[in-house]
Amino acid sequence: MTRKIDIFDTTLRDGEQSPGASMNTEEKLVIAQELVRMGVDVIEAGFPVSSPGDFRSVQEIARVVGDSAIVCGLTRAVDKDIDVAAEALKVAKRPRIHTGIGVSQAHLEHKLRITEEECIARAIHCVEYAKKYVEDVEFYAEDAGRSDQEFLLRVIQAVVNAGATVVNIPDTTGYSMPEDYGARIKSIADNVIGIENVKIAVHTHNDLGMATALALAGVKNGARQIECTVNGLGERAGNTAVEEVVMAIKMHGEELDAHTDIVTTELTRASRLVSRITGMNVQANKAIVGANAFAHSSGIHQDGVLKARHTYEIIDPADVGAAGSEIVLSARSGHAALRHRLSELGYTFEDEVFDDVYKRFLEVADQKKEVYDEDLESIVEERQREVSAVYTLNALQVSCGDPLVPTATATITDELGETHVVAACGTGPVDAAYKAIDQVVSVRGDLQEFSVKAITRGIDAIGEVTVRIVSEDDKVYTGRGSDTDIIVSSAKAYVNAINRMISTQRAREGK
Ligand code: KIV
Ligand code: ZN
């Protein structure tokens, strides 16, 4: 039997650090549930001291995940951070505190301004302090990829002696070459006394496009935990992508002496879900989950694949959940068919919520011949977005054309239940709709990016609009809206971005 490699998913922490990818608690819960279905071993749910919103997310995720996975909270090597993380994790059945400190010369000299001895003392202290709260304490040696090898060994030996259960060796800046990084992991595995009782984790960034190669080099040399994110989200160029590393281990398990317990058929769905929630599109040629990952275009390739699939395809699309669904849903489908398909997609609802979803399904089905899985996901997510809304767009009427002056009339309800009917003219129908909405909402956001994509198939497809707006304090908020009418999608996306801005600002202020 090969070694079991733990998959530590940090989509909700490092992934959320991608600019514009911030998520509210409800959205994080949806992703956490998908991570559980995927069978990840550890969910890093957030950085609890960073904001009341993050604190609440960690708490809620811990509650929902139960004992299905370890739930982890990040801290700096600061007592207050650890106190707050421990408080957020109180309800967790399997809590882990992830604490640590920078260990490279750049961090010691310029960021922390401490000596090596002070760094070791703080590393020991943070592990011992976290151990007062939880048994499972992971230590990260930030920027280990660029640290002095001898010093790194001393730090790791010290935290292992202090009781760390996992030691994380991040290549924080994605600087390393795979051979060097692998050698670093091997030197820890070979030299640290007591390391056989502690897991070595790899946490690699993609600045040189090598995050997956680095993680695998680490596994080959003794690491037993990989830290990764769905779609490779994360700081700057992102982290190791879970779908890549899991499938690479599946294909090369023998030579790596490794396997994971990930349900690989969930990978495509997780990718789509995270992309929609964060508004970060997946490039078409992305490995494993890109739209073209299993598309054969040239005649020579098509001929080969038709004769024998493995001539040009190393993975069966069904293995990563990329195969299409067989059940065709339409306006004639009843409750049972919809419930069945939704549960296959991993959604189960109380009756009252289901009735609402069914109503929306019929509205979409009335406009389309077939309702696909992507339509259903869009319906469910749209509803989830509205549940935490400050403003709700109830109706939108637009008149435009040549030579008309584009005019929009919007009906919006605020959180106090008051309904506002407003109208405005603009340079185009979207501009008119946004100007009308601006008359009601209490905050200002400058539109930075606007993109439209058809998320389902056919001329009658649901179109999803993603917008990014910038607040007065220079923060970016993403909003999404979907509808068969693209102007309505645009207005919904704008209202959604405004709602996220308001709820994030409130969470930051602890409201
Ligand atoms: O990249 C990194 O070093 C991190 C640590 C906080 C684990 O994300
Ligand atoms: Zn990181």
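1. Quick notes on the overall build of the protein
No. 1: Along the protein, the regular secondary structure elements total 17 helices and 16 strands.
No. 2: Taking 2.2 N^0.38 as the reference for a compact globule, 511 residues should give roughly 24 Å; the C-alpha atoms of the protein span a radius of gyration of 24 Å, in line with that estimate.
No. 3: Counting the 511 residues in the protein, one finds 55% classified as buried.
No. 4: Long-range contacts, defined here as pairs at least 24 residues apart, represent 65% of the contacts in the protein between residues at least 6 apart.
No. 5: Carbon together with sulfur atoms contributes 51% to the accessible area of the protein, which is approximately 22000 Å² in total.
No. 6: Distance between charge centroids for the protein: 1 Å, based on 54 positive and 80 negative side chains.

2. What to know about the site of ligand 1
No. 1: Lining the immediate surroundings of ligand 1 are Arg13, Asp14, His98, Tyr140, Glu142, Asn168, Pro170, Thr172, His203 and His205.
No. 2: A distance of 2.9 Å is found between an oxygen atom of ligand 1 and a side-chain nitrogen or oxygen belonging to Arg13.
No. 3: Taking Asp14, its side chain carries an N or O atom lying 3.0 Å from an oxygen atom of ligand 1.
No. 4: Here ligand 1 loses 92% of its free accessible area of 260 Å² to cover by the protein chains.
No. 5: Counting residues per element, the ones that place at least two in the shell around ligand 1 are strand S6 (137-142) and strand S7 (166-171).
No. 6: Partitioning the shell around ligand 1 into residue classes produces two nonpolar, five polar and three charged.

3. Concerning helix H14 (residues 351-367)
No. 1: For H14, spanning 17 residues, the distance from its first C-alpha to its last is 25 Å, which sits close to the expected 24 Å at 1.5 Å a residue.
No. 2: Taken together, the buried positions of H14 are occupied by Phe354, Asp356, Val357, Tyr358, Arg360, Phe361, Val364 and Ala365.

4. Quick word on the coordination of the zinc ion (ligand 2)
No. 1: Bound to the zinc ion (ligand 2) are the protein donor atoms Asp14 (OD), His203 (NE2) and His205 (NE2), situated 2.0 to 2.1 Å from the metal.
No. 2: When the donors of the zinc ion (ligand 2) are listed by position in the chain, the intervening gaps give D-x188-H-x1-H. Here His203 and His205 have matching classes, each one buried.

5. Describing the domain arrangement of the protein
No. 1: Once the domains are mapped, the protein shows domain 1 (3-278), domain 2 (294-321), domain 3 (335-384) and domain 4 (389-508).
No. 2: Computed over C-alpha atoms, the centres of domain 2 and domain 3 are 32 Å apart.

6. A closer look at unusual backbone geometry
Only a minority of non-glycine residues have a phi that is not negative, and only a minority of peptide bonds are not trans.
No. 1: A cis amide bond, omega 20°, links Asp402 with the succeeding residue Pro403.
No. 2: Position of Pro403 relative to the elements: it lies in the loop between strand S11 (392-399) and strand S12 (407-413).
No. 3: The phi dihedral of Asn231 falls on the positive side, at around 65°, and the residue is not glycine.
No. 4: Examined against the element boundaries, Asn231 turns out to sit in the loop between strand S9 (225-228) and helix H9 (242-251).
No. 5: Look at Arg236: it is not a glycine, yet its phi comes out positive at around 50°.

7. Looking at the sheet that holds S11
No. 1: The strand order across the open sheet built from three strands is S11-S12-S13, with neighbouring strands paired in antiparallel fashion. Edge positions in the sheet fall to S11 and strand S13 (419-425), since each of these pairs with one other strand and no more. Between one strand axis and the next, the sheet turns through 15° on average, direction left out of account.
No. 2: As paired elements, S11 and S12 share seven bridges and run antiparallel to each other. Across the sheet, Leu393 pairs through a bridge with Ile412, a residue of S12.
No. 3: Seen against the sheet, helix H16 (residues 429-438) touches S11, S12 and S13 and runs at an angle of roughly 140° to S13.

8. Remarks on the pairing of S13
No. 1: Taken together, the seven bridges between S12 and S13 define a ladder with antiparallel strand orientation. Bridging across to S13, Ala408 finds its partner in Ala424.
No. 2: Linking S12 to S13, which pair antiparallel, is a turn of five residues; within it Gly417 sits at a positive phi near 90°.

9. Looking at a negative patch on the surface
No. 1: A cluster of acidic residues, Asp446, Glu472, Asp473 and Asp474, forms a negative patch at the surface.
No. 2: Here Asp473 shows up in the loop between strand S15 (463-470) and strand S16 (476-483).

10. Here we look at a nonpolar patch on the surface
No. 1: A cluster of nonpolar residues, Leu447, Phe450, Val452 and Ile486, forms a patch on the protein surface that exposes about 320 Å² of accessible area.
No. 2: The element best represented in the nonpolar patch is strand S14 (residues 446-454), accounting for three residues.
No. 3: On the secondary structure map, Val452 appears in strand S14.
No. 4: Using a relative accessible area of 45% as the deciding quantity, one classes Val452 as partly exposed.

11. Notes on the sheet that holds S16
Working definition: the strands of a sheet are paired by backbone hydrogen bonds and lie parallel or antiparallel to each other.
No. 1: Pairing is antiparallel across the open sheet formed by three strands, whose spatial order is S14-S15-S16. Edge positions in the sheet fall to S14 and S16, since each of these pairs with one other strand and no more. Between one strand and the next, the sheet's axes are offset by a mean angle of 15°, whatever the strand orientation.
No. 2: In this sheet, S15 lies alongside S14 in antiparallel orientation, the contact comprising eight bridges. Within the sheet, the bridge partner assigned to Val452 lies in S15 and is Val465.
No. 3: Packed on one face of the sheet, helix H11 (residues 267-278) meets S14, S15 and S16 and runs near 115° to S16.

12. Here we look at the side chain of Ser482
No. 1: When you line up the elements, Ser482 lands in strand S16.
No. 2: Polar contacts involving the side chain of Ser482 include one to the side chain of Ser378, which spans 2.9 Å.

13. Quick word on the state of the cysteines
Cysteine pairs can be linked by a disulfide, which is a covalent bond between their two sulfur atoms.
No. 1: All chains considered together, the criterion is met by zero disulfides.
No. 2: Distance from the sulfur of Cys72, which forms no disulfide, to the nearest cysteine sulfur (Cys228) is 13 Å.
No. 3: Accessibility expressed as a relative area gives 0% for Cys72, which makes it buried.
No. 4: Note on Cys126: no disulfide assigned, nearest cysteine sulfur contributed by Cys119 at a separation of 9.1 Å.

The rules behind the values
- Residues numbered from 1 in each chain as written.
- Chains lettered and ligands numbered in written order.
- Predicted model: local features only at pLDDT ≥ 70, side-chain atom pairs only at ≥ 80, totals over all residues.
- Heavy atoms only, no water.
- Helix = DSSP H or I, 4+ residues; strand = E, 2+ residues; numbered from the N terminus.
- Rg over C-alpha atoms; globule rule 2.2 N^0.38 Å.
- Buried < 20%, exposed > 50% of the residue type's maximum accessible area, 1.4 Å probe, protein only.
- Contact = heavy atoms within 4.5 Å.
- Areas by Shrake-Rupley, 256 points an atom, 1.4 Å probe, with all protein chains shown as cover.
- Lys, Arg positive; Asp, Glu negative; His and termini not counted.
- Charge placed at Lys NZ, Arg CZ, Asp CG, Glu CD.
- Near = heavy atom within 4 Å.
- Polar contact = N/O pair within 3.5 Å; in protein donor to acceptor, adjacent residues only side chain to side chain.
- Nonpolar A, V, L, I, M, F, W, Y, C, P; charged D, E, K, R; others polar.
- Expected span 1.5 Å × (residues − 1).
- Donors = N, O, S within 2.8 Å, 3.2 Å for Na, K, Ca; no water.
- Domains from an automatic or database assignment.
- Pairing = 2+ DSSP bridges.
- Axes fitted to C-alpha atoms, helices over the stretch in contact; angles between N-to-C directions.
- Patch = residues over 30% accessible without salt bridge, like charges linked within 9 Å, V, L, I, M, F, W, Y side chains within 5 Å.
- Salt bridge = Lys/Arg side-chain N within 4 Å of Asp/Glu carboxyl O.
- Disulfide = S-S within 2.5 Å.

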